[in-house]
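# Summary of structural features
Here is how the chains run, residue by residue.
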Amino acid sequence: MTKTIFHRMKALNVRMAANYRRGIGPTRVVLLLTTTGRTSGLPRVTPLQYEKVDEIFYIASARGVEADWYKNILANPRVHVQMREEAFDAIAEPVTDPTRIANFIELRLRRHPVMIRLIMHLFDRLPLRFDRTDLERLCQHKAMVVLHPL
């Protein structure tokens, strides 16, 4: 089996989460999402980039509906979130509508233009200059989650 970048990232998640808890790393743009394993029933922690709009948190899945944390949410939408020193429980709302996801990515591009454009170029193979049509085409294969704090 050929290892993808996502397999390699999964191996790094444990270390990234431990560093995050010690305040090391990109704590301003990353939160720790704890889901319940859909098969094991065990807590699964995943560091994910997020955006906060008002009191709602948005996270996107680079792997779309294939991400394990996303599949766990489909099985059980109750999650736990740690964002720096703040921790709370939430209900996760899965979203696969390409228009909503494209709107979210446009927000991320406004807030972090260089980082997001580079990530999309390296991981999604989008050209550095793309338009809304390109973005919506990409978003047909993506997923995001809206976290509603309890």
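What counts, and at which threshold
Residues numbered from 1 in each chain as written. Predicted model: local features only at pLDDT ≥ 70, side-chain atom pairs only at ≥ 80, totals over all residues. Heavy atoms only, no water. Pairing = 2+ DSSP bridges. Helix = DSSP H or I, 4+ residues; strand = E, 2+ residues; numbered from the N terminus. Axes fitted to C-alpha atoms, helices over the stretch in contact; angles between N-to-C directions. Contact = heavy atoms within 4.5 Å. Expected span 1.5 Å × (residues − 1). Buried < 20%, exposed > 50% of the residue type's maximum accessible area, 1.4 Å probe, protein only. Parallel < 35°, antiparallel > 145°, perpendicular 65-115°, else oblique. Nonpolar A, V, L, I, M, F, W, Y, C, P; charged D, E, K, R; others polar. Left-handed = near helix turned anticlockwise from the far one by under 90°.

Read across the open sheet, the seven strands follow the order β2-β1-β5-β6-β7-β4-β3; overall the sheet is antiparallel. Edge strands, defined here as strands with exactly one partner in the open sheet, are β2 (43-49) and β3 (51-53). On average, each strand axis in the sheet is tilted by 35° relative to the strand beside it, whichever way the strands run. Judged from the five bridges that link them, strand β4 (residues 56-61) and strand β7 (residues 143-149) form a sheet pairing that is antiparallel. Paired with A60 across the two strands is M144, which belongs to β7. Docked against the sheet, helix α2 (residues 68-75) engages β1 (30-36), β2, β4, β5 (78-83), β6 (86-95) and β7, running at close to 50° with respect to β1.

Here β3 pairs with β4 via three bridges, running antiparallel. When the sheet's bridge partners are listed, E51 is paired in β4 with Y58. Counting the residues between successive antiparallel strands, the hairpin from β3 to β4 contains two residues, one of them, D54, with a positive phi of roughly 55°.

Once that is clear, we can look at helix α4 (residues 113-124). Its twelve residues place the ends of α4 16 Å apart at the C-alpha level, agreeing with the 16 Å of an ideal helix rising 1.5 Å per residue. Within two residues after α4, R125 carries a phi angle of roughly 60°, on the positive side.

Right, let's talk about the side chain of T34 for a bit. Counting through the fold element by element, T34 comes out in strand β1. According to the relative accessible area criterion, T34 is buried, its value standing at 18%. Residue contacts for T34: discarding those within four places in its chain leaves P43, R44, V45, V79 and H80.

Remark: helix α3 (residues 98-111) packs on α4, axes separated minimally by 5 Å, with the N-to-C direction vectors making an angle of 130°. On the basis of their axis angle, the class for α3 and α4 is oblique. From α3, I105, R108, L109, R110 and R111 reach across to α4, where they touch P113, M115, I116, R117 and M120. Taken together, the residues of the contact of α3 with α4 sort by class into six nonpolar, no polar and four charged.

Looking now at unusual backbone geometry. For D54, which is not a glycine, the phi torsion comes out positive at approximately 55°. Relative to the helices and strands, D54 resides in the loop between β3 and β4. On the basis of relative accessibility, which here comes to 68%, the residue D54 falls in the exposed class.

Another point: the environment of A75. Here A75 shows up in helix α2. The exposure class assigned to A75 is exposed, which follows from its relative accessible area of 53%. As for A75 and T35, which are separated by 40 residues in sequence, their C-alpha atoms are 9.7 Å apart.

With that settled, the discussion passes to the packing of α3 against helix α5 (residues 132-139). Relative to each other, α3 and α5 sit at 120°, their axes nearing to 8 Å. In terms of orientation, α3 and α5 fall into the oblique class. Between α3 and α5 the crossing geometry is right-handed. From α3, P98, T99, I101, A102, N103, I105 and E106 reach across to α5, where they touch R132, L135, E136 and C139. When the residues that make up the contact of α3 with α5 are grouped by side-chain class, the tally is six nonpolar, two polar and three charged.

Take it as geometry only, folks, not as evidence of what the structure does.
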